Number of protein chains: 2
Amino acid sequence: MTGKQETYMQEALKQAKLAFGKDEVPVGAVIVHNNTIIGRAHNQTKMLKDPTAHAEMIAVTQAAAHLKNERLQDCDAYVTIEPCPMCAGAMILARIRNLYYSTEDPKSGACGTVLNVAEERKLNHCVKTHSGILKEESRSLIREFFKKKRTNARSKITFRIS
Amino acid sequence: MTGKQETYMQEALKQAKLAFGKDEVPVGAVIVHNNTIIGRAHNQTKMLKDPTAHAEMIAVTQAAAHLKNERLQDCDAYVTIEPCPMCAGAMILARIRNLYYSTEDPKSGACGTVLNVAEERKLNHCVKTHSGILKEESRSLIREFFKKKRTNARSKITFRIS
């Protein structure tokens, strides 16, 4: 892991924290081209009521608009949680070079955990995948989010019963 | 195949023809809820310079906006060509009930041809997939598109050489 990679993942983590603050599942993503961040987003599915509004999707759209090109050649993606099949598929279509993600998603991770769409050799592009940068920070954030959700759910049940 | 299913696929095919007319890869999609089309779109990746702007993605976003809900429960999708991993993933996230597609995509079809993301039982939702409605019409359209592309490419080469 290089210092630059950690810096980019810190930026993705800042985005994830923004999502946390809006009660969205805390996932953040950045897209980097020639040492410059050209896409930076957090998950917004609840606020936008749009299942496609994952952090990675918004960051890819931003980066393509920046480059005025639907192919993000020589671009790398930094994501706090392992992308799902939709987001891994978007990275293939965008020709993302390297994907760095912090921590695994045991339920829908499509970059090596549940499936490996990102590196599927039968498709016409393979996204080189790396994991583990700032793993503990990203994992703590997502755990804290779901712990809070469970606590809130229990409080509501107690309130209804009492 | 019911008459209604053919009618919805005809609507998807109209969208694909719109894409063809704009020099976009001719793919169309509609989303149906309670016998009503609530999402209707064609591929716009070239025009928008956005790799995520597939017909299915735009139709899912439209349908979610219509229902004001990120879950498209009891909704069915009709697509002229087998969805790619990104679009199959979006349908899982949206909880699409049934996916009907016309013709296979031998290069990136993720609903049974190259991969089967849509019906992957390790993920938290399974999109029941059916194929073959208006298959010849959809296949002819995509073949005509790529034939035209090849002819144009050859004309350019001839022009440069002559």
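Our structure is the block above this text.
Residues numbered from 1 in each chain as written. Chains lettered and ligands numbered in written order. Predicted model: local features only at pLDDT ≥ 70, side-chain atom pairs only at ≥ 80, totals over all residues. Heavy atoms only, no water.

Engineer: Summarise the nonpolar core; cite the residues concerned and give the values.
Structural biologist: Membership of the largest hydrophobic core comes to 62 residues, with the highest contact counts inside it found for A:Ile31, A:Leu72, A:Ile96, B:Ile31, B:Leu72 and B:Ile96. Discounting residues that sit within four places of it in the chain, B:Ile31 has contacts with B:Thr36, B:Ile37, B:Ile38, B:Gly39, B:Ala59, B:Val60, B:Ala63, B:Leu72, B:Cys75, B:Asp76, B:Ala77 and B:Ile96. (Core = buried A, V, L, I, M, F, W, Y, C linked by side-chain atoms within 4.5 Å. Buried < 20%, exposed > 50% of the residue type's maximum accessible area, 1.4 Å probe, protein only. Contact = heavy atoms within 4.5 Å.)

Engineer: Tell me what's going on with the sheet that holds strand β2 (residues 36–42) of chain B, and back it up with residues and numbers.
Structural biologist: Residue and element names in this part refer to chain B. One open sheet holds the 5 strands; their spatial order is β2-β1-β3-β4-β5, and the pairing between them is mixed. Two strands in the sheet have a free side with no partner beyond their single neighbour: β2 and β5 (128–131). Each neighbouring strand pair of the sheet contributes to a mean axis angle of 15 degrees, computed without reference to strand direction. Note: strand β1 (residues 28–33) against strand β3 (residues 75–81), 5 bridges, orientation antiparallel. Its bridge partner being in β3, Ile 31 is matched across the sheet by Ala 77. (Pairing = 2+ DSSP bridges. Helix = DSSP H or I, 4+ residues; strand = E, 2+ residues; numbered from the N terminus. Axes fitted to C-alpha atoms, helices over the stretch in contact; angles between N-to-C directions.)

Engineer: Kindly report on the interface of chain B and chain A, identifying the contributing residues and their values.
Structural biologist: At the interface, 30 residues of chain B touch 30 residues of chain A. Here chain B meets chain A over a buried area of about 2,400 Å², counting both sides, of which 72% is carbon and sulfur. Summed over the three residues of chain B that lose the most area to chain A, namely B:Lys49, B:Pro51 and B:Glu70, the buried surface amounts to 24% of that side. Seen at the junction of chain B and chain A, the total is 6 residue pairs in polar contact (both at pLDDT 80 or more). At the level of elements, α2 (45–48), α3 (55–67) and α4 (85–94) of chain B are the ones that each hand at least two residues to the side of chain B that touches chain A. Per element, the largest residue contribution to the side of chain B that touches chain A is 6 residues, and it comes from α4(B). Residues that form the side of chain B that touches chain A fall into these classes: 15 nonpolar, 7 polar and 8 charged. (Buried area = accessible area lost by both parts, 1.4 Å probe. Polar contact = N/O pair within 3.5 Å; in protein donor to acceptor, adjacent residues only side chain to side chain. Nonpolar A, V, L, I, M, F, W, Y, C, P; charged D, E, K, R; others polar.)

Engineer: Can you explain the packing of aromatic side chains? Please cite residues and give values.
Structural biologist: Tallied over the entire structure, the rule returns 8 aromatic pairs over all chains. On the numbers, 5.2 Å between centres and 55 degrees between planes, the contact of A:Tyr8 with A:Tyr78 is tilted. Residue A:Tyr8 is located in helix α1 (residues 3–21), and its partner A:Tyr78 is located in strand β3 (residues 75–81); the two are separated by 70 residues in the primary sequence. A residue is classified by how much of its surface remains accessible, and A:Tyr78, at 3% relative accessible area, is buried. Aromatic side chains B:Phe145 and B:Phe146 sit 5.1 Å apart centroid to centroid with 85 degrees between the ring planes, which places their arrangement in the edge-to-face category. Pairwise contacts between aromatic rings join A:Tyr8, A:Tyr78 and A:Tyr100 into one cluster. (Phe/Tyr/Trp six-rings, centres within 6.5 Å; stacked < 30°, edge-to-face > 60°.)

Engineer: So what about the relation of the copies chain B and chain A? Which residues, and what values?
Structural biologist: Of the two same-sequence chains, chain B is brought onto chain A (RMSD 0.0 Å, axial shift 0.0 Å) by a rotation of 180 degrees. As the rotation angle and translation indicate, the two copies are arranged about a two-fold axis. Proximity to the rotation axis, assessed at the C-alpha, singles out B:Met86 in chain B; its C-alpha lies 1.9 Å from the axis. Mapped onto chain A, 100% of the interface residues of chain B again fall at the interface, so both copies present the same surface. (Least-squares fit on C-alpha atoms with pLDDT ≥ 70 in both.)

Engineer: Please set out the packing of α3(B) against α4(B) residue by residue, giving values where relevant.
Structural biologist: All names here are of chain B. Running from N to C, α3 and α4 point in directions that differ by 20 degrees, and their axes come no closer than 9 Å. Taken as axis vectors, α3 and α4 run roughly parallel relative to one another. Seen along the crossing, α3 lies across α4 with a hand that is left-handed. Between α3 and α4, the residues in contact are Glu 56, Met 57 and Val 60 and Met 86, Cys 87, Ala 90, Met 91 and Ala 94, respectively. (Parallel < 35°, antiparallel > 145°, perpendicular 65-115°, else oblique. Left-handed = near helix turned anticlockwise from the far one by under 90°.)

These figures come from the coordinates and say nothing about function on their own.
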